[in-house]
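Next come the chains, spelled out residue by residue.
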Amino acid sequence: MPDSEKNIELLFNEKNPYAFNGEAFQTLSNINKSSFSKHFYVESYGCAMNFADSEVVASILLKENIGCTTQPNEADIILINTCSIREKAEEKIRKRLTEFKCLKKQKPELIIGILGCMAERLKGNLLEEEKLVDIVVGPDAYRTLPQLISEAETGQKGVNVLLSRDETYADISPIRLNSNGINAFVSIMRGCNNMCSFCVVPFTRGRERSRSAESIVAECEALFHDGYREVTLLGQNVDSYHWKDEINNSEVSFAQLMEMVAKISPLLRVRFSTSHPKDITDEVLHTILKYDNICNYIHLPAQSGSSRVLEMMNRTYDRDWYLQKFNRIKEIIPDCGVSTDMITGFCSETEEDHKDSMSLMEYCKFDLAYMYFYSERPGTLAARKYPDDVPLETKKRRLKEMVELHRIHSLESMQKEVGKTFRVLIEGTSKKNDDEFYGRNDQNKVVVFPKGNLNPGEYVNVQVTDCTAGTLIGTPLM
Ligand code: SAM
Ligand code: SF4
Ligand code: F3S
């Protein structure tokens, strides 16, 4: 059997698509490159879900005997998995596309494909606008990629941006790209039903649907057996995960799913993202508390601290509801790390509203915060309903104030850990010092420490002796 077929045999088990074996998760670098007739290069932008999707795409193409390369100039097919969340994200992708166009001029047979959210948003317009794009494929149409590539090879440009109500790619074992062999993303659901007025995701990713619990657990088990020690369960709103098994007439909630994954092994850490404040339940919090290997860390985006703005954002909770959820988390899991997303300068936001956001941040003192200024997205509820009337300089000034406030909180949050000892999962060599490892503690804080005789993938207790605003510095206790 030629090498390529052996590789594919290892990657897929047709009889039982959920029966991943250890070798199925070998990284692409282990796969014999010369055995493929063609190669693709993929670049991913946006959220973790997009990165996880690129791993599904790699799996689909590998099955068609198209191997992966990390060098764009070696590729026969270049794919860009795109994000539309803010205007800046799209600008970055357009710039990158111009660079790839130069490659195509030198190599006219090169196929360039746009995948993901920008493909879904702009659809066939991308073929018109970006003359050198050959294929445009939305997030639910990746199974048709091989066919679209074949057609493009005969000169036919192709678009498939059909959204689906049930596609979850549950039967596809993702090929881990750029993996450290320790942490992996596992998609548990797709789409979003929430319709926050600023957000393009419901339009680019379609209706919410959950992936079968059985396939998620099988994927996590296979990862564990292959040496992975941390999985992050991904969805735009993980708390609304719900799987109904029609055959056994059983149902699985997010809390139950987490429990099923946590039971695989106490050595497998479980993280998840993102939680919506309206949906996170006490059941979820008690499950986190019950299992040592479910990390005490919750990403709970607030978006704003002003109830008036939250209502316009259609977040379906107000400031008090958010603060009550925050308090509840700390009551049930006192040492839980909490992070957030915030937007400044949303339509009609006043200085008072901004002060409300700042005071919410002051109250919560988040361990981590992702902060953005509002970027109007065509077609969203806000773009249709409200004028984007806060001047750009005001949006940016408020963002700067917020970033400065958060910097103080994150430093305080790190300083209070000095002197404590944490169990750290070692992820790899520190970027700044070859003699040091880095890893994260339960609360998602990065810890660096001397390597000693330790190895990536091991757990070690580290006593924290110092810190910066982003990193804890420590000594391993042997
Ligand atoms: N599903 C998650 C939630 O409900 O919070 C977040 C999804 S979104 C991919 C990530 C973050 O991007 C959001 O939490 C929000 O803060 C930010 N974001 C989304 N749309 C935006 C926009 N139009 N302008 C600025 N930031 C935006
Ligand atoms: Fe966008 Fe809201 Fe859905 Fe998050 S919950 S993806 S912010 S619509
Ligand atoms: Fe971007 Fe789509 Fe994710 S818009 S943030 S890649 S869901």
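A brief structural summary. Note that this is a predicted model, so its numbers are computed, not measured. (Residues numbered from 1 in each chain as written. Chains lettered and ligands numbered in written order. Predicted model: local features only at pLDDT ≥ 70, side-chain atom pairs only at ≥ 80, totals over all residues. Heavy atoms only, no water.)

Here we look at the sheet that holds strand 2 (residues 66-68)
Pairing within the open sheet is parallel, and its six strands lie in the order 2-1-3-4-5-6. Every other strand in the sheet has two partners, leaving strand 2 and strand 6 (158-160) as the edge strands with one partner each. Each adjacent strand pair in this sheet contributes to an overall mean axis angle of 20°, direction not counted. Across three bridges, strand 1 (residues 38-44) lies against strand 2 in parallel orientation. Within strand 2, the position partnered with H39 by the bridge is G67. Those strands touched by helix 6 (residues 145-153) are strand 1, strand 2, strand 3 (77-82), strand 4 (111-116), strand 5 (135-137) and strand 6, and its axis lies near 165° from that of strand 5. (Pairing = 2+ DSSP bridges. Helix = DSSP H or I, 4+ residues; strand = E, 2+ residues; numbered from the N terminus. Axes fitted to C-alpha atoms, helices over the stretch in contact; angles between N-to-C directions. Contact = heavy atoms within 4.5 Å.)

Quick word on the environment of C192
Structurally, C192 can be placed in the loop between strand 8 (189-190) and helix 7 (201-205). Beyond its immediate sequence surroundings of up to four residues, C192 is in contact with V201, P202, G206, R207, E208 and Q236.

Some details on the sheet that holds strand 18 (residues 436-440)
The strand order around the closed barrel built from five strands is 17-18-19-21-20, with neighbouring strands paired in mixed fashion. Averaged over neighbouring strand pairs, the angle between their axes works out to 55° when direction is ignored. With six bridges connecting them, strand 20 (residues 459-467) and strand 21 (residues 471-477) associate as antiparallel partners. Counted as the bridge partner of N461 is L477 from strand 21.

Details of the packing of aromatic side chains
A complete count under the given rule lists ten aromatic pairs for this structure. Relative to F366, the ring of Y322 lies with its centre 6.4 Å away and its plane at 65°, an arrangement referred to as edge-to-face. A residue pair is termed long-range when its members are at least 10 positions apart, and Y322 in helix 12 (residues 319-332) and F366 in the loop between helix 13 (351-364) and strand 16 (368-373) qualify at 44 residues. Note on Y322: relative accessible area 1%, which makes it buried. Measuring from centroid to centroid gives 6.3 Å for F326 and Y363, while their planes differ by 70°, and the two rings are edge-to-face. Here Y363 lies in helix 13 and F326 lies in helix 12, a separation of 37 residues in the sequence. For Y363, a relative accessible area of 44% puts it in the partly exposed group. Counting every residue linked through ring pairs, the aromatic cluster contains Y317, Y322, F326, Y363 and F366. Geometry around Y459 places R423 over its ring, the cationic atom sitting 4.0 Å from the centre. Sitting over the face of the ring of F437, K451 holds its NZ or CZ atom 5.1 Å from the ring centroid. (Phe/Tyr/Trp six-rings, centres within 6.5 Å; stacked < 30°, edge-to-face > 60°. Buried < 20%, exposed > 50% of the residue type's maximum accessible area, 1.4 Å probe, protein only. Lys NZ or Arg CZ within 6 Å of the ring centre and 35° of its normal.)

A look at the pattern of salt bridges
The final tally for this structure, using the stated rule, is 36 salt bridges. D53 is paired through a salt bridge with R190; the nearest N and O atoms lie 2.8 Å apart. Here D53, found in helix 2 (residues 48-63), pairs with R190, found in strand 8; they are 137 residues apart in sequence, far enough to count as distant. Each member of the pair, D53 as well as R190, is classed as buried. Each of the salt bridges in this network shares a partner with another, and the network as a whole consists of D53, D140, R190, R205 and R209. (Salt bridge = Lys/Arg side-chain N within 4 Å of Asp/Glu carboxyl O.)

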